Every structure is written in structure tokens, then in C-alpha cells.
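Fold and contact review
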Amino acid sequence: MITFEGVTKRYPDGTVAVDDLDLEVPTGAITVFVGPSGCGKTTSLRMINRMIDATSGRITLHGRDVREIDPPTLRRGIGYVIQQAGLFPHRKIVDNVATVPYLLGWSKKKARTRAMELLELVGLDPGLAGRYPFQLSGGQQQRVGVARALAADPPVLLMDEPFSAVDPIVRASLQDELLRLQSELRKTIVFVTHDIDEAVKLGDTVAVLRVGGRLAQMAGPATLLTEPADDFVREFLGRDRGIRRLSFISAKEVRLRPAPSDLATDEAGRPLGWRTGDELAAYGTFDPESDSLRAALDAALLSANGVAVAVDEDGRVRGVAGRDAIDELLAEYAPPPAPSPAPSPPPSQGSGPAEEAPA
Amino acid sequence: MSQEPLVRWDWIARNWANGGPTAISALLENHIVMAFLPVLFGLVVALPLGLACVRWRWLYQPTAAVMNVTYSLPSLVLFSIFLSVTGLTRSTVVIPLTFFALAVLVPAVVDGLASVPDPVRQSAVAMGFRPVRRLLRVELPVAVPVVLAGLRVATVSSISLVSVGALIGQGGLGNLFIDGWQRQFYTPIVVGIALIVLLAVLADGLLVLAQRLLTPWSRARRAA
Amino acid sequence: MNFLFGFFGDASRWSGPDGIPVRLLEHLEFSAAAFLIAALVAVPLGMLIGHTGRGALLVVVAANAARALPTLGLLVLVVLLAGVGTVLPVLIPLVVLAIPPILVNTYEGVRGVDADLRDAAYGMGLRGRQVLFRTLTPVALPLILLGLRLAAIQVVSTATVAAFVGLGGLGRFIIDGLATKTYESVIGGAVLVAGLALAVQFAFVLLDRVVVSPGVRQVR
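All of these numbers come straight from a predicted model, not from anything done at the bench. Counting restarts for each chain, with residues numbered from 1 along the sequence as it is written. Naming scheme: in the order in which they are written, chains are lettered from A and ligands are numbered from 1. Under the rules for a predicted model, residues below a pLDDT of 70 receive no local features and side-chain atom pairs below 80 are neither given nor counted, while totals for whole chains, interfaces and linings still include all residues.

Points about the overall build of chain A
Applicable threshold: Elements are defined by DSSP. Helices are runs of H or I of four residues or more, strands are runs of E of two residues or more, and each kind is numbered from the N terminus. Labels follow a simple rule on C-beta atoms placed from the backbone: if 20 or more others lie within 10 Å of a residue's own, it is buried; if 12 or fewer, it is exposed; otherwise it is partly exposed. Our contact criterion uses C-beta atoms placed from the backbone: two residues qualify when those atoms are within 7 Å.
A count of helical and extended segments in chain A gives 13 helices and 16 strands. The buried share among the 359 residues of chain A stands at 43%. Summarising the internal contacts of chain A: among those between residues at least 6 apart in sequence, 64% fall at separations of at least 24.

Considerations on the domain arrangement of chain A
Residues and elements named next belong to chain A. For clarity, the cut-off: The source of the domain bounds is an automatic or database domain assignment. Here the nonpolar group is Ala, Val, Leu, Ile, Met, Phe, Trp, Tyr, Cys and Pro; Asp, Glu, Lys and Arg are the charged ones; every other residue, Gly included, is treated as polar.
For chain A, the assigned domains are domain 1 (2–248) and domain 2 (251–332). On a C-alpha basis, the centroid separation for the pair domain 1 and domain 2 is 38 Å. With four residues of domain 1 at the interface, the matching set in domain 2 holds four residues. For the side of domain 1 that touches domain 2, the class distribution of residues is three nonpolar, one polar and no charged.

Some details on the interface of chain C and chain B
On the side of chain B, 34 residues touch chain C, which itself brings 30 residues to the contact. Put simply, the parts of the chain that give the side of chain C that touches chain B at least two residues each are α3 (56–68), α4 (71–82), α7 (128–161), α8 (171–180) and α9 (183–211) of chain C. Split into classes, the residues belonging to the side of chain C that touches chain B amount to 23 nonpolar, six polar and one charged.

With respect to unusual backbone geometry
All names here are of chain A. One non-glycine residue, Asp153, adopts positive backbone phi at about 55°. Among the structural elements, Asp153 can be located in the loop between α6 (138–150) and β7 (156–160). The partly exposed category is assigned to Asp153, around which 13 C-beta atoms lie within 10 Å. Phi is positive for Asp240, close to 60°, though the residue is something other than glycine. For Asp240, the position within the fold is in the loop between α10 (231–237) and α11 (241–245).

Topic: the sheet that holds strand β3 (residues 30–34) of chain A
Residues and elements named next belong to chain A. Keep this limit in mind: For two strands to pair, DSSP has to find at least two bridges joining them. Axes here mean lines fitted to C-alpha atoms, for a helix over just the part in contact, with angles spanning 0 to 180 degrees between N-to-C directions.
The mixed open sheet is built from six strands, whose spatial order is β6-β7-β8-β3-β9-β10. Edge strands, defined here as strands with exactly one partner in the open sheet, are β6 (78–81) and β10 (214–219). On average, each strand axis in the sheet is tilted by 15° relative to the strand beside it, whichever way the strands run. Sheet topology places β6 next to β7; four bridges connect them, and they run parallel. Residue pairing for β7: Gly79 is matched across the bridge by Leu157. Packed onto the sheet, helix α1 (residues 41–48) meets β3, β7, β8 (188–193) and β9 (205–210) and runs at close to 150° relative to β8.

As for the nonpolar core
As a reminder of what qualifies: We define a nonpolar core as a collection of buried residues of the types Ala, Val, Leu, Ile, Met, Phe, Trp, Tyr and Cys that are connected via C-beta atoms lying within 7 Å of each other.
Formed by 234 residues in total, the largest nonpolar core has its most connected members in Ala296 of chain A, Leu105 of chain B together with Ala98 of chain C. A domain split of this core shows at least three residues from each of domain 1 (2–248) and domain 2 (251–332) of chain A. The residues touching Leu105 of chain B, leaving out its near neighbours within four places in the chain, are Gly42, Leu43, Ala46, Gly150, Leu151 and Ala154 of chain B.

Let's talk about the interface of chain C and chain A
Taken together, the contact pairs 19 residues of chain C with 20 residues of chain A. In terms of residues, the side of chain C that touches chain A owes the most to one element, helix α6 (residues 115–123) of chain C, which gives six residues. Its residues assigned to classes, the side of chain C that touches chain A shows ten nonpolar, six polar and three charged.

Section: the pairing of strand β4 (residues 56–61) of chain A
Regular strands place side chains that alternate from one sheet face to the opposite one. Residues and elements named next belong to chain A. Of the pairings in the sheet, the one linking strand β1 (residues 2–10) to β4 comprises five bridges and is antiparallel in character. Residue pairing for β4: Glu5 is matched across the bridge by Arg58. The sheet contact formed by β4 and strand β5 (residues 64–65) spans two bridges and is antiparallel. Residue pairing in the sheet places Thr60 in a bridge with Asp65 of β5. Counting the residues that bridge the hairpin from β4 to β5 gives two residues, and of these His62 lies at a positive phi of roughly 50°.

Topic: the packing of helix α3 (residues 60–72) of chain B against helix α5 (residues 91–114) of chain B
Residue and element names in this part refer to chain B. Worth spelling out the cut-off: By definition, any crossing whose near helix is turned counterclockwise from its far helix by less than a right angle is left-handed, and any crossing with a clockwise turn is right-handed.
At their nearest, the axes of α3 and α5 sit 9 Å apart, and the two run at 145° to each other. The way α3 lies across α5 gives a crossing that is left-handed. Facing Tyr60, Thr63, Ala64, Met67, Thr70 and Tyr71 of α3, the residues of α5 in contact are Phe99, Phe100, Leu102, Ala103, Val106, Pro107 and Val110. Class assignment of the residues belonging to the contact of α3 with α5 gives a composition of eleven nonpolar, two polar and no charged.

With respect to the pairing of strand β15 (residues 308–311) of chain A
All names here are of chain A. Basically, it comes down to this: With the strands pointing away from the viewer, any crossover whose connection runs clockwise from the first strand over the helix to the second is right-handed.
Burial along β15 is two-sided: the residues Ala308 and Ala310 and Val309 and Val311 are all buried. By the bridge criterion, two bridges tie strand β14 (residues 285–286) to β15 in an arrangement that is parallel. Paired with Phe286 across the bridge in β15 is Ala310. Note that the unit made of β14, helix α12 (residues 293–302) and β15 has a crossover that is right-handed.

Digging into the sheet that holds β5 of chain A
The strand order across the open sheet formed by four strands is β2-β1-β4-β5 (chain A), and the pairing between neighbours is antiparallel. This sheet does not close on itself; its edge strands, each paired only once, are β2 (16–25) and β5 of chain A.

Topic: the confidence of the model for chain B
Residues and elements named next belong to chain B. Note the cut-off: As a per-residue measure, pLDDT reflects the predictor's confidence and takes values from 0 up to 100.
For chain B, per-residue confidence averages 86 on the pLDDT scale, and residues scoring 70 or more make up 96% of the total. The secondary-structure element of chain B with the lowest mean pLDDT is helix α10 (residues 216–223), recorded at 56, while helix α2 (residues 24–55) shows the highest, at 92. Scored below 50 in pLDDT, residues 220–224 makes zero contacts in the model with residues more than four places away or belonging to other chains. Complex prediction metrics read pTM 0.79 and ipTM 0.84.

Considering helix α5 (residues 108–121) of chain A
All names here are of chain A. Which entries qualify depends on this criterion: What a helix should span is 1.5 Å times the count of its residues minus one. Directions pointing from the helix axis toward each C-beta atom define the arc.
Compared with the 20 Å implied by 1.5 Å per residue over 14 residues, the 20 Å span of α5 between its first and last C-alpha is a close match. Taken together, the buried positions of α5 are Ala111, Arg114, Ala115, Leu118 and Leu119. For α5, the angular spread of buried residues about the axis comes to 145°, placing them on one side. Residues Lys109, Lys110 and Glu120 are exposed on α5 and point more than 90 degrees away from its buried face. Against the buried residues of α5 lie α3 (93–97), α4 (99–103) and α6. Just downstream of α5, Gly123 is the residue with a positive phi angle, here 80°.

Written out as C-alpha cells, the structure reads:
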């Protein structure tokens, strides 16, 4: 666990980058620092591995004040991933990944073996090991950056806008990859981004910071979406909070009914379309086991007749859910009733099963 | 010899303008002409050559290679080689120094044009500039700081290199070094070095001033 | 062309204390000594200034001074002051003129390393010295080598002019030839020095190939 206790960073020119920050970063989960530029999110991150030293206050890592630890020693125990990956251009990929093991005095053979394992772990072709960074795409370089940070198996990983320099498609795949890795590795990750969607997608906990380095709100992503603490957070979260919140509700509980006869399927039971006269009309599918309520609603909206088709992981029809069935669940998870259809729900606990309480 | 002072002011006073070809003022004048002509010629050739190298990329590699080789030759070597062509004339100094100036200026022009940010170029194209107008109105002005930086290096080097020409009798202020050496007399040597450095500093200062006047925006951008 | 045959065809040019081999060796000796001293001073200094950022002004001043100072004047003055006939003083201007290119390029090379790279290096727990030697130096190596190359060429060139103040070396052929109006000697000497300068240039191109990581060379 990492704790910030009254941490302030003030620069000699008087600028306050971080102002009296108190928070706890839970072990084994992803905590995202998000906010507009100038909110001190990167400064806060860099104070953990002492790339920047706090002016006052205390940061502890596993109960120890980081200021008692010699910075290089501290940093070797913390993985660090930055925006442009920061790979060493003069070293081959495998040696880039093995940097920290070398520093820790591992044998060359052991360090390289470990590096090869990691390349595979982050989904890179081991054939790339002998290349130089300039021969890799931006997305590949970023994966190498993650592998390098993980090389000595540090319990803590600091990621400073690691995916913001790659295109949206690559970014989405890197995000998915990180979530997959995290489900295996259970590291304590602090992740900095200015992109609220990325924060909500990746964070088990999201800390929203405002300009001037003050903590605006810290909560699980679903809570954040339903109950933003103030206007700043609400504005920062942007539009469609209600819809986006559905991503955190499982579609498991959607009541299914058997597929009607006008749903055409192939011999394996996979849907082909809704019969309307001689033609087949559009349909949408969701997998109740793995998808969210948002996907179920989306499937209903995509179907010509408003009925979502539930499928299993092989794509075979399991049943259908009309909008009534989805509505039922929506009602269950609706925020507590408000006096009028106001855009801002009152601040009360409307927690769902997919939600994690703020640590 | 040990009593000899570094500078004898009376000698300077007597020889500043004695009317002869070895008067310090005459040498200075000579020096200025021989130092600036190569830079001028160099610039006149480097601009079109640099533009051509940008327009036809394949031209740059061989040009750069030739420049590189030229630049690595000692000035005395080039003077010696041209001696057999142009004899003991000013051209024997001015022509080799023109090559040196080119070796600095062509890369400066190419780098300068390369320093034009792509968005600037693209938006000029998008606004309908034709190539020649785009070059004159957008690309060259943006390239000016880099070209001027090269011009400063070429000018200062040229001023200092002219003095080596004294070894073949055409060195402007460099002749003072030969004179001082032959007579074991410090004053002409010190005067020569001082005037050459002064000339270099002055020329450099003028070029810095020129850059401020020509590109008022570049200073503002640096300050921001 | 006739000049060249006259010069290189003459058997007496190839032996004795004024023969080409002896002069070449002399030239190499002086140049190598001056170059090594300059490199030993300027490379560490440039790395230090580039790494710490302190003393950058010194670099700028040195760079400009070196360009403005007339080689011949400096040689003549130093040798006259030290007393004609001694050899070591000639090394002083050679070294002084070789230091700035090394200093400037080493400084620029170390200084110019991508900030992200420094950040990553520190972030992974490299210590100051490790950052300098394992990250900044290899990445700055192309520029450091450029500085060394310019200095080496400068030294070869200055050593040629130094024949005027009594130093041996290939410059003798040019200076003596000019004095006696023996142009075949002037041209012959010029060709020899040119050959040496090109050989130095070529040697550095090879060195670059060998010691610069392909990962860095491609990025340029």
C-alpha cells in the first residue's frame, strides 16, 4: 500500500503543484490519477519514486517513508512506464527489458531469459528481441516499456500517461492487455492519465484531481459516474454518465426468454436475423456471461424490433431479452429517486454489485 | 629579446597609415575584402544549390560528401594547389575560401529549409501558395535563423583563415605575422591577432543584429 | 600532373631526414600527441558540463574563440614567446585549437539526449554516473566522435602550418617549396597532407561504424 499524508509540492517560484494531498493507494489494484493539465497528477506519481521530492508531508510505501530510502534503490523496486516508453535507443529490445535485472546484478543469462518471458507476457513476438527500438512501432515500443518495468517483478508499477501517444485502436488494445496482465499479476498500479474514459476503464479506484493539485474526488468508477462530488467532477466526467455507468453492471441478471420463431438461425444455432416477410432484418447480440448491461442495451437498440439476442461464447443463441427485461434491471440499478428529473442525482449510496468501494 | 614589450605603440602609430602597401590600414582593407568575398560568393552559390538539394533529395548525399571532403582539407593545402592555377594572386586565397564557405553554407540552407515545420508548409500549400511564392514568402523566411547561424560560422572562419594566405604572400593582416616572425618582433603579431579577432567579433555582432531585424519573431518565440 | 611525377618520382624524396616517410612520421607524432591531450581534456569536461548543465557559457565562448583565433598568428606568437628552436611550445596552439570542437560536440551530444530517456533511466534506478556512462554517452557517441574527427582534422591542418615556425612534418615540403619557389615540392606536400586528412576522415567513419550502436546510428 502507498499512502500520501498531507503531501504538498511547492516550487521555488511559488507554484503549488500538489496541495495537501491525502490518499491511500490500495495494494494489488489499479489506482488512476486523472485530471486536467496542471492538476499535479504526474507530480504526485513522480513523488512516489522520488523523481521529485515533496516539499512537505509524507509518502509511505509498504509502511516506510520513501524519503528514508536511497532513490536508486527505491526505484529499482518500482516499475516505471512513461509516455514515449523512453527505451534506450542504443540497446536491443531484450537488453532494454533486462535493464533493471542487470542493475540488480543478475547474471546475463538469467536476465535475458527473464526478458524473453516478459516479451511473451506482454504479447510481443520473441523474434523482436534482437531488434533496436527504432525498428518497432509505437504500440510495440510501449509494450516493451511495460515489459521493462515488470522485469524485476516489482510489486508496484507507476505508469505516467503510458498510452497517450498511440492511436486509439492501439491504445484500446494496450488497455485491454494491461487489464489482462493485471488479472494475472495483481500489482499495485498507479496510473496517470488525462483521459477520463481511460481512467474509468482501467481504474479500480479513480482519483480526480483539480488544477492546483487538490483531490476533488476518489471513488470507484461506477460511483464516480453516478455520484460526482461537485460540478468540477461532473463536468470533467462529461456527457452520457448514465449510459457509461451501465458498463459496470453485469448483464448476467437480464431476464431471458426463449428465442421466438421469427429469429432465423443457422444449423449451429447462431443468429442470422429477424424474419420480416422475405427478408432478414438487423439484430444485435450480447453475451450475458461476459458483457455489461450497456452491451445488452446496445444490442436491443441495434435490433430492428428492439429485442436483444443473448448468445453464448460460441455465438449460439441462448435466448432473447426485450426492452422490458432490460428496463427491469435498469430500474433496479437506478439512482435513488430525485424530486425532479434533474441531471444530478443526490449524493447517496447507489452501489451495484460490479462496484468496488473506494479504498 | 627578453626586454622587448609585447606591444610597442609607437610602431603601431608609425605604421597604421604610412601610405605603403604594408601599412596596417592597407592590410586591414585587403583582409576585409579577401574574407568577405568568399562568404558572398559562397552564399550566392549555396542558396540555389541548397534548394536543389531539398528539391531533389538524391543530390544531397553526394553534395554533402564533397563538402565534407573539402572541409577536411587544410586551407594551406588548397592554397598550395590553387597556386599552380592562379599564381600569387588574391584568387588563390579567395577561391579555396569560397569552397570552405560553401561547405558550411550548403548544409545550413538545407537544414534551414528542413527546419520549416511540416504543418507550416502544409498550410501554405493548402492556402493555395504556388511553389515559388511559397518558397519566398514562407519557407525561406522561416529558414533564415538557421542559414544565418551558418553564415556566422562561415564569416568568422573566413576572417581567421585569410591570414594563412600570408604564407603565399596574400594574407591581409596575416602578413603581420610573417613580418613579426622574421624580425622576432611581437608588436605586429599581437596587432594582427587583435585586429582579426576584433573583425570577427564585429562581423558576428552585425550578423546577430541582422537576424534580429530580419526575424523579429524568432526571438519572441525563444522567450516564450 | 608533371609536378606530381617530379615530386613523387624522385627517389631521394623517399629517404633521409627530409624524406617523405620521416616527415609523415613526424607529422603523425605531433598530431597524435596534440590530439590525445586535447581529447583527454575536452571529452571529460564536455561530458561533465553536458550532464550537470554547469559551465555552458564556457563552451560557447571556447567555440567562438577557436573559430576567430588565427592559427598562424597564434603559432608565431607562442613560439616567439617560448623561444625559437624548442618543439614543445608548438604543441600548445595545436592543443588549444583542438579542444573547442571536442568540447562543443561532446557537450551538445550529452545535453541533447532526449529528456524522456534521462527520465526513464533515473526512473529505473540508475545512479547519476550510470545514467552518464550507460545511457547518455552511448547515445551522444555520434556527436562526440564528430567532435573528435573535427579536432583531428584541425590538428593535422595546424601542424602543416606549424612547419613555418620550424616544426617538422609534411608542412615542410610546402613551406620550403614556397621559400625556394620549388612548386613541385609545394604541390607534392599539399597532396600528402590532403591524403592524410582524408585518411583521418575515413578512419573516423570506420570508427563510427564499429563503436556506435546501430540503434543510435539509425535514429539520426
